[in-house]
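Structure assessment
In case you want the letters, here they are:
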Amino acid sequence: MAAESAAAGDRSLYGPLYGLPDPRLSQDLLSNTSTDAVREMLTKRRTTLQLEVLAVNALWNATLPINTLPVEILVHIFHLARPDESDDDDEASAPQVLFPLIPRVGSYHWIRFMLVCRHWRAVILSNYSLWRSVDIDMRMDPLEVALSRSTTGLVDVAIHGNSLVWDVHREFIETHCTRFRALHLSTYDPSPSFMQKFNQPLPALRELTLACGRNGAQFVLVNSNEDPDFDLSLKNFPSLVSVSLSGFALLSWESSILPKLRRLSLFHCGYRGPPLSYSRFLDVLEGMQSLEELRLHGFLSAVCPDAGVIPDRVVSLPKLGFLAVGDIPPLPSPLLRNIRHPQRVQAAGFLTLEPEVSTLESISFSFLLPPDPALWPLLSTAEIAEIDASKQVLQIIGRKGVAFLAFDLCIDGSFFYDDFTAHAMLGLSSNFRDAPLREVYIMGSFDDVNDRDYTNLLWALPNLELLCIDANNGAVQTLFLALGEEHRDNSGAGVQVICPKLKTLDIEGLWWEEITDPMRTIRHTLGRRASRGVYLQRLVLDLRYNGPVMSQDCRVIKAKHFNKLCELVPGGDVVMSRTTAN
C-alpha cells in the first residue's frame with residue numbers, strides 16, 4: 001500500500017515546478033525588534049527563498065534543449081543508456097549444454113538519472129516501460145515496486161537462484177502472474193503446486209524459461225523417467241514466442257504452438273508423447289518457419305533414439321540465425337546434416353570416459369562432422385579460432401565476422417582433463433586445416449602439452465598473425481621452443497621458419513617467481529627468428545603474482561628483461577604487465 005500511495009502522490013505533481021512554490025519575491029521589511037521573532041521570521045524567509053531558488057532552477061532547467069524533447073524521446077534515450085551486455089551474450093564462448101541460463105532482464109542504470117532533476121525523476125517514475133523488467137534474488141520488493149509503477153501493464157520477471165522465492169511468496173506471485181510478459185526461473189524440485197500454475201492458461205506470457213536442475217546431473221544424463229510433465233500447448237500459452245526448458249518431459253512434439261515460436265531451447269528434456277519417426281520429427285521441425293534460434297541438447301535421443309535410415313532431405317528454416325544440436329554419439333550428425341545451417345552453429349557431443357577402459361584417443365570430433373564438409377563453409381574460411389579446454393566442456397570455435405562454428409565435447413571423466421588442451425589443438429589443426437586462420441586463442445591446462453603438440457599445430461597455421469595463450473611457465477617455454485623450429489624447403493628456396501607471418505604474441509600466466517628460464521627461452525627463440533628476418537611487432541607478457549607484490553619488485557623484474565626484449569622486437573611494442581592470481 002505504501003508503494004501505491006507514493007506512486008499516486010508522485011503522479012499528482014506537475015512540471016516544471018513539481019510542487020515547488022511560485023518564485024515571487026516579497027518586499028516586506030523587517031520591523032520586529034524581538035531577537036527571537038526576527039530569527040523566526042528569517043528562518044522562514046530563508047526556507048522560502050531556498051525553495052524559490054530551487055523553483056527558479058527548475059524553470060531554468062525546463063528551458064534546456066534535452067528537457068524540451070517529447071517525453072517519449074527522453075525515455076528512449078534512457079533505454080539507450082543501458083550498459084552494453086553484448087559481450088556476455090555470445091552463444092559460442094558461453095556454451096549452454098546442460099541448463100539454460102536465467103537471464104537478468106532488468107537494468108536499473110536509469111535510477112541514478114532520477115537524481116539529475118525533478119523533471120527526469122517525474123518522467124522515470126511515471127513511465128511504465130522503465131519499470132516492467134525486474135530481477136528477483138531473495139527479496140520481493142523489486143517486483144512489488146515494478147507492479148505498482150507499471151500500473152496495469154505487463155512485466156518481465158527473472159527469479160534467480162532457485163524456486164525458494166516462488167515457494168515463499170507463492171500467493172503473491174500467483175496473484176499477479178497473469179501480468180507476466182516474460183518469466184525466467186530455475187527449480188531443483190518442482191512441486192505439484194508449482195507445476196499446476198503452468199497447466200492452466202497464461203494468456204499474456206510471451207517468454208518462458210524453466211530450468212529443472214537435477215542434483216548431480218552429468219552431461220550424459222540425457223533424460224529421466226522422473227521428469228515432470230510439461231504441456232507446451234497453445235491453449236495454455238496462446239502468446240508464447242520463446243521457450244527454454246530443462247529437465248521436463250514434453251507430452252507432444254506436434255503441438256500447434258510450435259509453428260509460432262521464434263526461439264526454442266530444450267535441454268535434456270524427456271518425451272512422453274506418441275511414438276515418432278525421425279522423418280516425422282523433421283516434418284514438424286520444417287513447420288517452424290518462424291524460428292530464429294533453435295537449441296536441442298539431449299532431446300533427439302529422447303524423442304526418436306533410433307533415427308534409422310537418414311532421409312536425403314534438407315529442412316530449410318529461413319529465419320534461423322542460431323542452431324545448437326547436442327547429444328550422445330552418433331545422434332547429432334543426422335540432424336546437423338538435415339538442417340540448412342545458419343551463420344552461427346554449435347555442435348555438441350556428450351561422452352563418458354571410464355578409467356582403465358577409455359583412452360584420450362577415444363575422444364573425437366569426427367561424429368559431429370557432416371559427410372560433406374561443404375555443408376560447413378567455415379571449415380575452410382574461418383579466420384579466427386579459439387580453444388577452451390579449461391573446464392568440463394572441450395571447445396573449438398572457428399569464426400569469420402559474425403559467423404561462427406563451435407564444436408563442444410561435454411566429457412564425463414575428470415581423469416583426462418589435463419590432456420584436453422593437447423587433444424583440442426589436434427582437433428583444431430585437423431578440422432580447420434583448410435582455413436586461413438589469422439588469429440588463435442588458447443585456454444586450458446598445459447601440463448601435458450609438449451613441444452611436438454605445439455609444432456604440429458603451428459606448422460598447420462602458415463597465415464597466423466596473432467597467438468594468445470593463457471598458460472604456465474613450462475608451457476611458455478615449450479611454446480617458444482616450437483616457435484624456434486625451422487626446416488629446409490624441399491624446393492631449395494632455403495630455410496622455412498614456422499609461422500612466418502606471426503606479428504603479435506600475447507602470453508598470460510607467467511609466474512614471476514620462476515621467470516628466469518622462460519625469459520631465457522623467449523630471448524633465444526626471438527633471436528633465432530630475427531636471424532632469419534622474422535620479427536614480432538608486439539609482445540605482451542602478463543606476469544602473474546601470488547598475493548601482494550611490491551611495486552619495486554615489479555620494476556626490478558621488468559628492468560632486468562625489458563630492454564633485451566625490446567632489442568628483439570625492433571620498432572614494435574613490448575608490454576610487461578602484472579596480474580595478481582585469485
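Worth saying up front: this structure is predicted, and the values here are computed from it rather than measured. (Residues numbered from 1 in each chain as written. Predicted model: local features only at pLDDT ≥ 70, side-chain atom pairs only at ≥ 80, totals over all residues. Heavy atoms only, no water.)

Quick look at helix α9 (residues 278-286)
Since the α-helix packs 3.6 residues into each turn, any two residues three or four apart lie on the same face. Basically, it comes down to this: Only protein chains enter the calculation, and the probe is 1.4 Å; a residue is then buried if its accessible area is under 20% of its type maximum, exposed if over 50%, and partly exposed in between. Only DSSP runs of H or I reaching four residues or more are called helices, and only runs of E reaching two or more are called strands; each is numbered from the N terminus. Think of it as the arc spanned by the lines of direction from the helix axis to the C-beta atoms. We call two residues in contact whenever any of their non-hydrogen atoms come within 4.5 Å of each other.
Those residues of α9 not exposed but buried are Tyr278, Phe281, Leu282, Val284 and Leu285. Seen along its axis, α9 keeps its buried residues to an arc of 160°; they face one direction. Next to the buried residues of α9 lie β10 (293-297), α10 (300-303) and α11 (332-338).

Section: the sheet that holds strand β5 (residues 229-230)
Our working rule: Pairing between strands is defined by DSSP: at least two bridges between the two strands are required.
Pairing is parallel in the open sheet, where 3 strands are placed in the order β5-β7-β9. Each edge of the open sheet carries a strand with a single partner, namely β5 and β9 (270-271). When strand β7 (residues 249-250) meets β9, the two strands line up parallel, connected through 2 bridges. Bridge assignment links leucine 250 to a residue of β9, and that residue is tyrosine 271.

Let's talk about the confidence of the model for the chain
Predicted coordinates in areas of low pLDDT are best not read in detail. Short version of the rule: For every residue, the predictor states its confidence as a pLDDT score lying anywhere from 0 to 100.
Mean pLDDT over the chain: 79, with 78% of residues reaching 70 or higher. Note on residues 25-30: pLDDT under 50 across the span, and 6 contacts to partners over four residues away in sequence or across chains. Throughout residues 215-222 the model reports pLDDT below 50, and contacts reaching past four residues in sequence, or to other chains, amount to 25 contacts.

Remarks on the side chain of threonine 525
Inspection of the secondary structure puts threonine 525 in helix α16 (residues 516-531). Under the relative-accessibility criterion, threonine 525 is labelled buried at 2%. Other than its neighbours up to four places away in sequence, threonine 525 contacts Phe480, Leu481, Leu483 and Gly484.

As for the packing of aromatic side chains
Short version of the rule: Each aromatic pair joins two rings of Phe, Tyr and Trp (for Trp, the six-membered one) with centres within 6.5 Å, and gets the label stacked for planes under 30 degrees apart, edge-to-face for over 60, and tilted for any other angle.
Scanning all chains against the criterion turns up 11 aromatic pairs. Here the aromatic rings of phenylalanine 230 and phenylalanine 237 are separated by 5.9 Å at their centres, their planes lie at 10°, and the arrangement is stacked. Here phenylalanine 237 falls in the buried class, since its relative accessible area comes to 0%. For the pair tryptophan 376 and phenylalanine 407, a centre-to-centre distance of 5.5 Å together with 50° between the ring planes defines the contact as tilted. A residue pair is termed long-range when its members are at least 10 positions apart, and tryptophan 376 in the loop between β12 (344-352) and α12 (378-381) and phenylalanine 407 in strand β15 (residues 403-412) qualify at 31 residues. Neither tryptophan 376 nor phenylalanine 407 differs from the other in exposure class; each is buried. An aromatic cluster of three or more residues is present, and its members are Trp253, Tyr278, Phe281 and Phe299.

With respect to the packing of helix α3 (residues 71-80) against helix α4 (residues 118-126)
Condition: Structural elements are reduced to axes, namely lines fitted to C-alpha atoms, with helices fitted over the stretch in contact, and the angle between N-to-C directions of any two is expressed from 0 to 180 degrees. Each angle is binned into one of four classes, with values under 35 degrees roughly parallel, values over 145 roughly antiparallel, values of 65 to 115 roughly perpendicular, and all other values oblique. In the scheme used here, Gly and all other residues not listed as nonpolar or charged are polar, with Ala, Val, Leu, Ile, Met, Phe, Trp, Tyr, Cys and Pro taken as nonpolar and Asp, Glu, Lys and Arg as charged.
Interhelical geometry of α3 versus α4 gives an angle of 85° and a closest axis separation of 11 Å. With respect to α4, the element α3 is oriented roughly perpendicular. Where α3 abuts α4, its residues Val71, Leu74, Val75 and Phe78 lie against His119, Trp120, Val123 and Ile124. Among the residues making up the contact of α3 with α4, the classes are represented as 7 nonpolar, 1 polar and no charged.

Section: the pairing of strand β3 (residues 180-187)
With 7 of its 8 residues buried, β3 lies for the most part within the structure. Both strand β2 (residues 155-159) and β3 contribute to a ladder of 5 bridges, which runs parallel. When the sheet's bridge partners are listed, valine 155 is paired in β3 with phenylalanine 180. Across 6 bridges, the pairing between β3 and strand β4 (residues 207-212) is parallel. Bridged to threonine 187 within β4 is cysteine 212.

Considerations on the side chain of threonine 421
Turning to its location among the elements, threonine 421 is positioned in helix α13 (residues 420-431). Assessed through its relative accessible area of 0%, threonine 421 is described here as buried. With residues near it in sequence (within four places) discarded, threonine 421 still touches Ala389, Ile442, Gly444, Ser445, Phe446 and Val449.

As for α13
Using the following cut-off: By definition here, a helix of n residues has an expected span of 1.5 Å times n minus one.
The terminal C-alpha atoms of α13, which comprises 12 residues, lie 16 Å apart, in line with the 16 Å expected from a rise of 1.5 Å per residue. What α13 keeps buried is the set Phe420, Thr421, Ala422, His423, Ala424, Met425, Gly427, Leu428, Ser429 and Asn431.

Focus on the nonpolar core
Applicable threshold: Here the nonpolar core consists of buried residues drawn from Ala, Val, Leu, Ile, Met, Phe, Trp, Tyr and Cys, with membership extended through side-chain atoms lying within 4.5 Å.
Counting residues in each nonpolar core, the largest one holds 128 residues, and the members touching the most others are Trp253 and Phe281. The greatest single-element share of this core, amounting to 6 residues, is contributed by helix α15 (residues 473-483). Apart from the residues lying within four places of it in its own chain, the contact partners of tryptophan 253 are Leu258, Leu264, Leu266, Tyr271, Leu276, Phe281, Val284, Leu285, Met288, Phe299 and Val303. Counting residues in each nonpolar core, the second largest holds 13 residues, with Val75, Trp110, Cys117 and Trp120 among its members.

Structural notes on unusual backbone geometry
The phi torsion at histidine 268 lies on the positive side, around 50°, for a residue other than glycine. The residue histidine 268 is located in the loop between β8 (263-267) and β9 in this model. For histidine 268, a relative accessible area of 1% puts it in the buried group. Here the phi dihedral of cysteine 499 falls at roughly 50°; this positive angle occurs in a residue that is not glycine.

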